[in-house]
Amino acid sequence: MTHPTVSTAVDLIDAPLLYKGKVRELYDLGENMLIVVTDRISAFDYVLEPAVPEKGNVLNRLSAYWFGQTKELLENHVVHIDVDRLGGIVKDPELLRNRIMVVRKAQRIDMECVVRGYITGGGWRQYKETGKVNGIELPEGLRKNAKLAEPIFTPAAKNDVGHDEDIPFFKMQELIGEELANELKEKSLKLYAFARDYCAEHDILLADCKFEFGILDGRVILIDEIFTPDASRFWAKDKYALDVEIDSMDKEPVRAYLASSSWDKNSTPGPLPEEVVAETSRRYLDIYHRITGHTLN
């Protein structure tokens with residue numbers, strides 16, 4: 001069963017809109033906040049058309065699943081994911097079922113906490129140029145997609161406009177304080193190790209991932225989303241290879257289509273072909289099933 005796509009919930013929520021991101025919308029519930037995960041898809045900093053069926057459903061349910069799996073490791077912001085508890089705030093509960101998360105309001109720490117277990121993507125590009133990733137010196141002669149001897153912590157300073165900025169760890173310590181930076185690094189590495197081992201049991205390699213943290217009542221808690229295809233790079237174990245572009249289990253069909261098209265990269269791309277949207281939807285559903293053992297209903 002495929003549910004109708006949701007490109008925005010602005011007309012469906014009777015609460016003030018706090019923030020509209022590329023995929024998520026945040027609404028003010030007073031003490032708490034409502035996150036609606038839409039089916040919008042972005043690539044290369046552009047929001048694309050059309051929306052991808054089931055994408056928001058998968059992202060929200062996967063985050064909820066992982067928040068449940070990791071709550072013993074670290075407190076998180078989740079209050080509940082039950083649309084029926086919102087009453088008249090939601091005008092069409094069925095349309096938003098499994099797409100909402102009510103969370104506690106935390107003060108966001110303006111750092112993206114990235115952990116890399118393999119040398120690929122932006123990390124590989126840094127390494128080729130400098131032999132380092134975020135200032136961390138790595139052994140010579142590493143090959144693209146090689147597994148690192150130990151996962152590395154490579155933070156980025158968050159920018160609400162444009163790209164986040166990769167920074168060395170000492171810079172993070174300067175920006176938010178040494179004690180807090182050390183705590184976020186430790187927690188990020190612990191979370192990555194947990195999910196890496198879990199994914200390995202399901203024939204998935206967790207190449208890298210990112211976390212966001214907030215402060216609530218003086219404590220560090222986990223916020224935003226975790227271990228979803230939008231916040232992690234998942235590889236099917238049987239697709240792993242060195243020196244190639246591994247077809248990751250996410251919106252890779254969209255990126256590949258845009259990269260091979262005549263798009264000028266300076267304007268909003270035209271609509272995505274139907275087959276690209278369908279394949280992207282299939283991949284989101286597949287990673288959800290592989291990780292949780294469940295199918296969407």
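Residues numbered from 1 in each chain as written. Predicted model: local features only at pLDDT ≥ 70, side-chain atom pairs only at ≥ 80, totals over all residues. Heavy atoms only, no water.

*Asks:* Quick question: what am I supposed to make of the packing of aromatic side chains here?
*Replies:* One pair of aromatic rings is described through two measures. These are the centre distance and the angle between the planes. Evaluation of the coordinates by the stated rule reveals 13 aromatic pairs. Measuring from centroid to centroid gives 5.6 Å for Y46 and W263, while their planes differ by 85°, and the two rings are edge-to-face. Of this pair, Y46 sits in strand 5 (residues 46–48) while W263 sits in the loop between helix 6 (252–260) and helix 7 (274–292), and the two are 217 residues apart along the sequence. When its relative accessible area of 12% is taken as the criterion, W263 is described as buried. These aromatic residues form a ring-pair network of at least three members: Y65, W66, Y198, F211, F213 and F227. The side chain of K185 reaches across the aromatic face of F169, ending 4.8 Å from its centre. (Phe/Tyr/Trp six-rings, centres within 6.5 Å; stacked < 30°, edge-to-face > 60°. Helix = DSSP H or I, 4+ residues; strand = E, 2+ residues; numbered from the N terminus. Buried < 20%, exposed > 50% of the residue type's maximum accessible area, 1.4 Å probe, protein only. Lys NZ or Arg CZ within 6 Å of the ring centre and 35° of its normal.)

*Asks:* Looking at this structure, I do not really get the pattern of salt bridges. What am I missing?
*Replies:* Two side chains carrying opposite charge are able to pair once their charged atoms lie near each other. Per the counting criterion, the structure on display carries 27 salt bridges. K171 is the salt-bridge partner of E174, the closest N and O atoms lying 4.0 Å from each other. Taken together, the positions of E174 and K171, both in helix 4 (residues 169–176) and three residues apart, correspond to about one turn of that helix. With a relative accessible area of 54%, E174 lands in the exposed category. What makes K171 partly exposed here is its relative accessible area of 35%. R290 is paired through a salt bridge with D286; the nearest N and O atoms lie 3.3 Å apart. Of this pair, R290 and D286 both sit in helix 7, four residues apart, roughly one helical turn. Exposure remark for D286: the relative accessible area of 24% places this residue in the partly exposed category. Connected through salt bridges with shared partners, the residues E112, K158, D164, K210 and E212 form a single ionic network. (Salt bridge = Lys/Arg side-chain N within 4 Å of Asp/Glu carboxyl O.)

*Asks:* Looking at this model, I keep getting lost on the side chain of E225. Mind explaining?
*Replies:* Considering the arrangement of structural elements, one finds E225 in the loop between strand 16 (219–223) and strand 17 (232–236). When its relative accessible area of 8% is taken as the criterion, E225 is described as buried. A polar contact is formed between the side chain of E225 and the side chain of R24, at a distance of 2.9 Å. Within the structure, E225 has its side chain in polar contact with the side chain of T228 (distance 2.6 Å). Setting aside residues no more than four positions away along its own chain, E225 makes contact with R24, L59, S63, F67, K210, D230 and A231. (Polar contact = N/O pair within 3.5 Å; in protein donor to acceptor, adjacent residues only side chain to side chain. Contact = heavy atoms within 4.5 Å.)

*Asks:* Would you explain the pairing of strand 7 (residues 100–104) in this entry?
*Replies:* Looking down a regular strand, the side chains alternate between one sheet face and the other. With respect to burial, strand 7 is a largely interior element, four of its five residues being buried. Bridge count for strand 3 (residues 32–37) against strand 7 is five bridges, and the pairing is antiparallel. Residue pairing for strand 7: I35 is matched across the bridge by M101. (Pairing = 2+ DSSP bridges.)

*Asks:* Could you clarify how one ought to interpret the environment of F153 in this entry?
*Replies:* As for its position among the elements, F153 is in strand 12 (residues 147–153). What makes F153 buried here is its relative accessible area of 4%. As a C-alpha pair, F153 and L206 span 53 residues in sequence and 14 Å in three-dimensional space. If near-sequence neighbours (up to four positions away) are discounted, F153 is found in contact with C113, V114, V115, I136, F169, M172, L184, K185, S188 and L189.

*Asks:* Help me out: how do you make sense of the pairing of strand 1 (residues 17–20) in this one?
*Replies:* Across three bridges, strand 1 lies against strand 2 (residues 24–28) in antiparallel orientation. Directly across from Y19, in strand 2, lies its bridge partner L26. Once strand 1 ends, the chain turns through three residues before running back antiparallel as strand 2.

*Asks:* Hey, could you run me through the packing of helix 1 (residues 55–70) against helix 5 (residues 178–200) in this one?
*Replies:* Think of two packed helices as two axes; the pair is described by the angle between the axes and how far apart they sit. Where helix 1 contacts helix 5, the axes come no closer than 11 Å and their chain directions differ by 110°. As the angle between them shows, helix 1 and helix 5 are arranged roughly perpendicular. The element helix 1 and its partner helix 5 pack so that their crossing is right-handed. Together, Y65, W66, Q69 and T70 of helix 1 and L191, F194, A195, Y198 and C199 of helix 5 make up the contact between the two elements. Of the residues assigned to the contact of helix 1 with helix 5, the class counts are seven nonpolar, two polar and no charged. (Axes fitted to C-alpha atoms, helices over the stretch in contact; angles between N-to-C directions. Parallel < 35°, antiparallel > 145°, perpendicular 65-115°, else oblique. Left-handed = near helix turned anticlockwise from the far one by under 90°. Nonpolar A, V, L, I, M, F, W, Y, C, P; charged D, E, K, R; others polar.)

*Asks:* Sorry if this is basic, but what is going on with the sheet that holds strand 3 here?
*Replies:* Whether parallel or antiparallel, the strands of a sheet pair through hydrogen bonds between backbone atoms. Taken in spatial order, the five strands make up an open sheet running 1-2-3-7-6, and their pairing is antiparallel. Of all strands in the sheet, those bounded by a partner on one side alone are strand 1 and strand 6 (78–80). Between one strand axis and the next, the sheet turns by 30° as a mean value, whatever way the strands run. Where strand 2 lies against strand 3, five bridges are found, and the strand directions are antiparallel. Residue pairing across strands places Y27 opposite L34, the latter belonging to strand 3. Strands strand 2, strand 3, strand 6 and strand 7 of the sheet are contacted by helix 1, whose axis makes an angle of about 40° with strand 7.

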